[in-house]
There are 2 protein chains.
Amino acid sequence: MMQISSRFTLAVHIFACIDTFGNEYKVTSDFLSKSTNVNPVIIRKILGQLKGAGLLKVTRGAGGAAAARPLHEITFLDIYRAVECIEGGELFHFHENPNPACPVGMNIHFILDDKLLRIQNAMEKELASITLADLKKDTEKYLNQETM
Amino acid sequence: MMQISSRFTLAVHIFACIDTFGNEYKVTSDFLSKSTNVNPVIIRKILGQLKGAGLLKVTRGAGGAAAARPLHEITFLDIYRAVECIEGGELFHFHENPNPACPVGMNIHFILDDKLLRIQNAMEKELASITLADLKKDTEKYLNQETM
DNA sequence: TCAGTTGTAAGCATAAATATTACAACTGAC
DNA sequence: GTCAGTTGTAATATTTATGCTTACAACTGA
């Protein structure tokens, strides 16, 4: 399988909750746990990662999370990088010890690395093109459909 | 972490070996095991996936693998899809049971799915733009550097 | 002071990847 | 026809990451 972990969609879900409920309610890990149906400790860990990346603020003691920057200045790429703690940020996992005595084995990184990077860049460029302002707009769209 | 599994880079490595050694040697799972330093049973499993996708032919009994189509008609996307057996082909893993009683939880898929798809499409488009002909060209480039 | 909350550690359960052993079935050369 | 070499596949083990859960110290605002 090997998909991008659900921490990413969880993090986006968290921001959608902050957008939607932030003014009315205190958005705590317990609140988010109920909306996502994910354990509050996991939520707190993700909140910590997002906080560490400067994307949101978490109020210790009193509780509650809020965005740390204007929404159009937070991209999906920021979120992806905050929660997807990949060594060196590399999307593709390589087999570890290709044979240095084989002409192909010894050169496989020279042959492949630039191509893999191109692919990863294409994905990250698209991630960077989506902001939390877009998310909020669409969230409101669907929530209003409910109300009607 | 959650990277794309090394089966993909392994599969590309396999094709690089076929390109380079296919005329001179019989490219068996044992041969490939030595070049990649990966267990021959794993190699055979990947060979089976590539064969199943119609990308190469494996000679039973006698042994050996070879490309099943002209190299410029095999893309990295073909290989990716052959070996990355993701349910529904989705790059992003979603938290399973968002709360249907929460306005955000009940709509999170409507809000997010199109955006995730855009990101995945960007990546797959780049995967599709690289063919095994490109791979062979670069492989020869680096191997010739060795010889000089 | 105290109820509610965050941050974090520790242990467990689950899932996927990869390694490994084993062996039946197959093929081509002799 | 035999046989060495190979593929296909099953079964098991190991490793690694994820996510769940319990627990609790530290913190904050009322």
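For the structure, check the block above.
Now for a quick tour of the structure. (Residues numbered from 1 in each chain as written. Chains lettered and ligands numbered in written order. Predicted model: local features only at pLDDT ≥ 70, side-chain atom pairs only at ≥ 80, totals over all residues. Heavy atoms only, no water.)

1. What about the overall build of chain A?
Scanning chain A for helices and strands turns up six helices and two strands. Put simply, chain A runs from its N terminus to its C terminus through helices and strands in the order α-α-α-β-β-α-α-α. The C-alpha radius of gyration computed for chain A amounts to 19 Å, which surpasses the reference 15 Å derived for 148 residues by more than 25%, pointing to a less compact arrangement than a globule. Counting over 148 residues, chain A shows a buried share of 49%. When contacts within chain A are restricted to residue pairs at least 6 apart in sequence, long-range pairs at least 24 apart make up 64% of them. When the accessible surface of chain A is split by element, carbon and sulfur atoms take 52% of a total near 7200 Å². (Helix = DSSP H or I, 4+ residues; strand = E, 2+ residues; numbered from the N terminus. Rg over C-alpha atoms; globule rule 2.2 N^0.38 Å. Buried < 20%, exposed > 50% of the residue type's maximum accessible area, 1.4 Å probe, protein only. Contact = heavy atoms within 4.5 Å. Areas by Shrake-Rupley, 256 points an atom, 1.4 Å probe, with all protein chains shown as cover.)

2. Comments concerning the interface of chain A and chain B
Taken residue by residue, the interface counts 63 residues in chain A and 63 residues in chain B. For the pairing of chain A and chain B, the buried interface totals around 5600 Å² over both sides, and the portion due to carbon and sulfur atoms is 68%. At the surface where chain A touches chain B, the tally comes to four salt bridges. At the boundary of chain A and chain B, one finds 22 residue pairs in polar contact (both at pLDDT 80 or more). Contributing elements (two or more residues each) for the side of chain A that touches chain B: helix 1 (7-21), helix 2 (29-36), helix 5 (103-128) and helix 6 (132-147) of chain A. Top contributing element to the side of chain A that touches chain B by residue count: helix 5 of chain A, with 18 residues. Among the residues forming the side of chain A that touches chain B, the class breakdown is 34 nonpolar, 17 polar and twelve charged. (Buried area = accessible area lost by both parts, 1.4 Å probe. Salt bridge = Lys/Arg side-chain N within 4 Å of Asp/Glu carboxyl O. Polar contact = N/O pair within 3.5 Å; in protein donor to acceptor, adjacent residues only side chain to side chain. Nonpolar A, V, L, I, M, F, W, Y, C, P; charged D, E, K, R; others polar.)

3. Digging into the relation of the copies chain A and chain B
When chain A is fitted onto chain B, the two copies agree to an RMSD of 0.0 Å after a turn of 180° and an axial shift of 0.0 Å. The transformation just described matches what one would write down for a two-fold rotation axis. The position closest to the rotation axis in chain A is occupied by the C-alpha of methionine 123 of chain A, lying 2.4 Å away. When the interface residues of chain A are mapped onto chain B, 100% of them are again interface residues, pointing to one common binding face. (Least-squares fit on C-alpha atoms with pLDDT ≥ 70 in both.)

4. Comments concerning the pattern of salt bridges
Evaluation of the coordinates by the stated rule reveals 14 salt bridges over all chains. As a salt-bridge pair, arginine 69 of chain A and aspartate 78 of chain A come within 3.9 Å of each other at their nearest N and O atoms. For aspartate 78 of chain A, a relative accessible area of 25% puts it in the partly exposed group. Note that lysine 115 of chain A and aspartate 138 of chain B form a salt bridge whose closest N and O atoms lie 2.6 Å from each other. Linking lysine 115 of chain A in helix 5 with aspartate 138 of chain B in helix 6 (residues 132-147), this pair reaches from one chain into another. Judged on exposure class, the residue lysine 115 of chain A and its partner aspartate 138 of chain B are both buried.

5. Focus on helix 3 (residues 40-52) of chain B
All names here are of chain B. Between the first and last C-alpha of helix 3 there are 18 Å, a value that for 13 residues agrees with the 18 Å anticipated at 1.5 Å per step. Inspection of helix 3 places Ile43, Ile46, Leu47, Gln49 and Leu50 among the buried residues, and these make up the whole buried set. Projected down its long axis, helix 3 shows its buried positions confined to an angular sector of 160°, all on one face. Exposed side of helix 3, more than 90 degrees from the buried face: Lys45 and Gly52 are the residues found there. Looking at the packing, one finds that the buried side of helix 3 touches helix 1 (7-21), helix 2 (29-36), strand 1 (56-58), strand 2 (65-67) and helix 4 (76-83). The backbone nitrogen of valine 41 has a side-chain oxygen 2.9 Å away, supplied by the residue at the start of helix 3, namely asparagine 39. At the exit of helix 3 stands glycine 54, carrying a positive phi of roughly 75°. (Expected span 1.5 Å × (residues − 1). Arc of directions from axis to C-beta.)

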